[in-house]
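The chain contents come next:
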Amino acid sequence: MTAAARIVVLPGDGIGPEVTDAARRVLDAAAVRAGLKLDYVVDLVGGASVDAHGVALRPQTLRLCKTADAILFGAVGGPKWDDAAPQSNLRPGSALLGLRKGLGLFANLRPVRVDPAMVATSALRPERVRDVDLLVVRELTGGLYFSKPKRRYETPRGQAAVDTMRYSTPEIERVAVRAFELARQRRRRLCSVDKANILETSRLWRIVVTAVAERYPDVATSHMLVDAFAMELLRRPQAFDVVLTENLFGDILTDEASMLAGALGMLPSASLGGGTLGLYEPIHGSAPDIAGKGIANPIGAILSAALLLRWSLNAETAAAAVEHAVSFVLASGLRTADIARDGEAPVGTAAIAEAVVSALG
Ligand code: IPM
Ligand code: MG
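Residues numbered from 1 in each chain as written. Chains lettered and ligands numbered in written order. Predicted model: local features only at pLDDT ≥ 70, side-chain atom pairs only at ≥ 80, totals over all residues. Heavy atoms only, no water.

Re the overall build of the protein
- Summing up its helical and strand segments, the protein has 13 helices and 12 strands in all.
- Its C-alpha radius of gyration of 20 Å places the protein within 12% of the 21 Å reference for a compact globule of 361 residues.
- In terms of overall dimensions, the protein has C-alpha extents of about 60 × 50 × 50 Å along its principal axes.
- Counting the 361 residues in the protein, one finds 52% classified as buried.
- By element, 55% of the accessible surface of the protein is carried by carbon and sulfur atoms, the whole surface being about 15,400 Å².
- Both charge centroids of the protein, one from 41 positive and one from 39 negative side chains, sit 3 Å from each other. (Helix = DSSP H or I, 4+ residues; strand = E, 2+ residues; numbered from the N terminus. Rg over C-alpha atoms; globule rule 2.2 N^0.38 Å. Buried < 20%, exposed > 50% of the residue type's maximum accessible area, 1.4 Å probe, protein only. Areas by Shrake-Rupley, 256 points an atom, 1.4 Å probe, with all protein chains shown as cover. Lys, Arg positive; Asp, Glu negative; His and termini not counted. Charge placed at Lys NZ, Arg CZ, Asp CG, Glu CD.)

Written out as structure tokens, the structure is:
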């Protein structure tokens, strides 16, 4: 047997630990079936790390992640820390940003598939969301999130603040290449989303993406302004295959896209860099209001575990088996509270995980 894969588990805050636990149970079951051996190391991040160690992300946690094959991440944040934190390294969200930047995870893959069993639960009419299967590739280590200057300062007329949106050609090119490669494995359509009518960064973005597109003549490429795309995403979501966009646009558009799939709790994500190391997390946050109750939807986390199998462990069969098991469980009618419709009795987080494990056979 080959060496065990090293998985760093970072449950974080709020519902993070509950959904990560569920994902880990499914991952374990899938690994056993696939003959994969997994070694887990668990560490604190976010508010949990602030409480225990005084910072949201310790340097040793980042180092640990650098030696891993993959990272299974829950969620970070909560009112206890978000409101109070005076320094940025005390804010739980800084742990996530520190990991993304520190590990060079520049491409965030957010697949949005509307499961047939979820068509009726979607915020949109069934005919609008049936067969939706798109993949948002969000740039993750540049743009407004990271560029300098970024600060608040005093002026004679009160405080002012600045954030900076900066992109360089190599930063755009590497994420574009990743998106085009993914389009080749899918339906060979790519829509790049920008704000080139206003933003200089977007004009560069469009130039670079257009140049990369020339290397992929087999992929049908289009460009759309972000405001128009936000509308088209609701009007004709089936038209899209791969959607490539910068950091902040991708953040906003993927929350919007989650409404196609029925709920924020359904969507997984993978953050990748140049190699196979990846960080896998549901796109939902820590949901402090329902934390500790055992009612959170673990499907986004479980599907993130499937992406971990696919992208970091090169275990496509196991990844697809997890995705099929989730579909099977949804088809069988099991629902957590966030996706239960009138008259459907919701089940808890653990019940969904158990059902997925038994569907794996
Ligand atoms: C996400 C989240 C994060 C982001 C926050 C928690 C920093 O919203 O992963 O979409 O804005 O990237
Ligand atoms: Mg977000």
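Some thoughts on the pattern of salt bridges
- Across all of its chains, the model carries 22 salt bridges by this definition.
- In this structure, Lys 37 and Asp 39 form a salt bridge, with 3.7 Å as the shortest nitrogen-oxygen distance.
- With a closest N to O distance of 3.1 Å, Arg 235 and Glu 232 form a salt bridge. Separated by 3 residues within a single helix, Arg 235 and Glu 232 lie in helix H9 (residues 226–235), roughly one turn from each other.
- Among the residues examined, Arg 235 registers a relative accessible area of 47% and is labelled partly exposed.
- On the accessibility criterion, Glu 232 (8% relative accessible area) is buried.
- The structure contains a network of salt bridges with shared partners spanning Asp 133, Arg 186, Arg 187 and Asp 241. (Salt bridge = Lys/Arg side-chain N within 4 Å of Asp/Glu carboxyl O.)

Describing the sheet that holds strand S1 (residues 5–12)
- Pairing within the open sheet is mixed, and its 10 strands lie in the order S2-S1-S3-S12-S11-S4-S5-S10-S8-S9. Edge positions in the sheet fall to strand S2 (38–42) and strand S9 (220–225), since each has one partner strand and no second. With strand direction ignored, the average angle separating the axes of adjacent strands in the sheet is 20°.
- Where strand S11 (residues 268–272) meets strand S12 (residues 278–282), 5 bridges bridge the pair, whose relative direction is antiparallel. By the bridge assignment for S12, Ala 270 is matched with Tyr 280. (Pairing = 2+ DSSP bridges. Axes fitted to C-alpha atoms, helices over the stretch in contact; angles between N-to-C directions.)

What to know about the packing of aromatic side chains
- Applying the stated criterion to the full structure yields 3 aromatic pairs.
- Here the aromatic rings of Phe 180 and Tyr 216 are separated by 5.0 Å at their centres, their planes lie at 15°, and the arrangement is stacked. Note that Phe 180 is positioned in helix H7 (residues 169–184) and Tyr 216 in the loop between helix H8 (200–213) and S9, a separation of 36 residues in sequence. No difference in accessibility class separates Phe 180 from Tyr 216, as the two residues are buried.
- Considering the side-chain rings of Phe 229 and Phe 240, the 4.8 Å spacing of their centres and the 65° angle between planes classify their relative orientation as edge-to-face. Taken together, the positions of Phe 229 in helix H9 and Phe 240 in the loop between H9 and strand S10 (242–245) put the pair 11 residues apart, joining distant regions of the chain. The pair formed by Phe 229 and Phe 240 is uniform in burial state, with each residue classed as buried.
- Above the ring of Tyr 40, the side-chain terminus of Arg 24 is found at 4.0 Å from the ring centroid. (Phe/Tyr/Trp six-rings, centres within 6.5 Å; stacked < 30°, edge-to-face > 60°. Lys NZ or Arg CZ within 6 Å of the ring centre and 35° of its normal.)

What about the site of ligand 1?
- Taken together, Arg 100, Arg 110, Arg 138, Tyr 145 and Asp 251 make up the full set of residues adjacent to ligand 1.
- Note that an oxygen atom of ligand 1 is positioned 2.7 Å from one of the side-chain N or O atoms of Arg 100.
- Between ligand 1 and Arg 138, the relevant distance is 2.8 Å, taken from an oxygen atom to a side-chain nitrogen or oxygen of the residue.
- In the shell around ligand 1, the residues fall into 1 nonpolar, no polar and 4 charged. (Near = heavy atom within 4 Å. Polar contact = N/O pair within 3.5 Å; in protein donor to acceptor, adjacent residues only side chain to side chain. Nonpolar A, V, L, I, M, F, W, Y, C, P; charged D, E, K, R; others polar.)

Some words on the pairing of S9
- For strand S8 (residues 189–194) and S9, the ladder comprises 6 bridges, and the chain directions are parallel. Following the sheet pairing, Ser 192 is matched in S9 by His 223.
- In this fold, S8 hands off to H8, which returns the chain to S9; that crossover is right-handed. (Right-handed = clockwise from strand over helix to strand, strands pointing away.)

What to know about the nonpolar core
- Ranked by size, the top nonpolar core spans 91 residues in total, and within it Ile 7, Val 137, Phe 229, Leu 244, Met 266 and Leu 309 carry the most contacts.
- By residue number, the principal contributor to this core is helix H11 (residues 299–311), which donates 9 residues.
- The residues contacting Met 266, other than those within four sequence positions of it, are Met 118, Ala 261, Asn 297, Ile 299, Gly 300, Leu 303, Leu 330 and Ile 339.
- Counting 21 residues, the second-largest nonpolar core is a separate cluster that includes Val 50, Phe 73, Leu 96 and Leu 277. (Core = buried A, V, L, I, M, F, W, Y, C linked by side-chain atoms within 4.5 Å. Contact = heavy atoms within 4.5 Å.)

Re the domain arrangement of the protein
- Annotation of the protein at the domain level lists domain 1 (1–106 + 262–361) and domain 2 (123–260).
- On a C-alpha basis, the centres of domain 1 and domain 2 stand 24 Å from each other.
- On the domain 2 side, the residues contacting the 16 residues of domain 1 number 16 residues.
- Buried surface at the junction of domain 1 and domain 2, both sides included, amounts to about 1,400 Å², of which 62% is carbon and sulfur.
- Across the domain 1-domain 2 interface, the total number found is 0 salt bridges.
- Our count for the contact surface shared by domain 1 and domain 2 stands at 7 residue pairs in polar contact (both at pLDDT 80 or more).
- Sorting the residues of the side of domain 1 that touches domain 2 by element identifies helix H5 (93–102) and S11 as the ones contributing at least two each.
- Examining the composition of the side of domain 1 that touches domain 2, we find that 3 residues originate from one element, H5, more than from any other. (Domains from an automatic or database assignment. Buried area = accessible area lost by both parts, 1.4 Å probe.)

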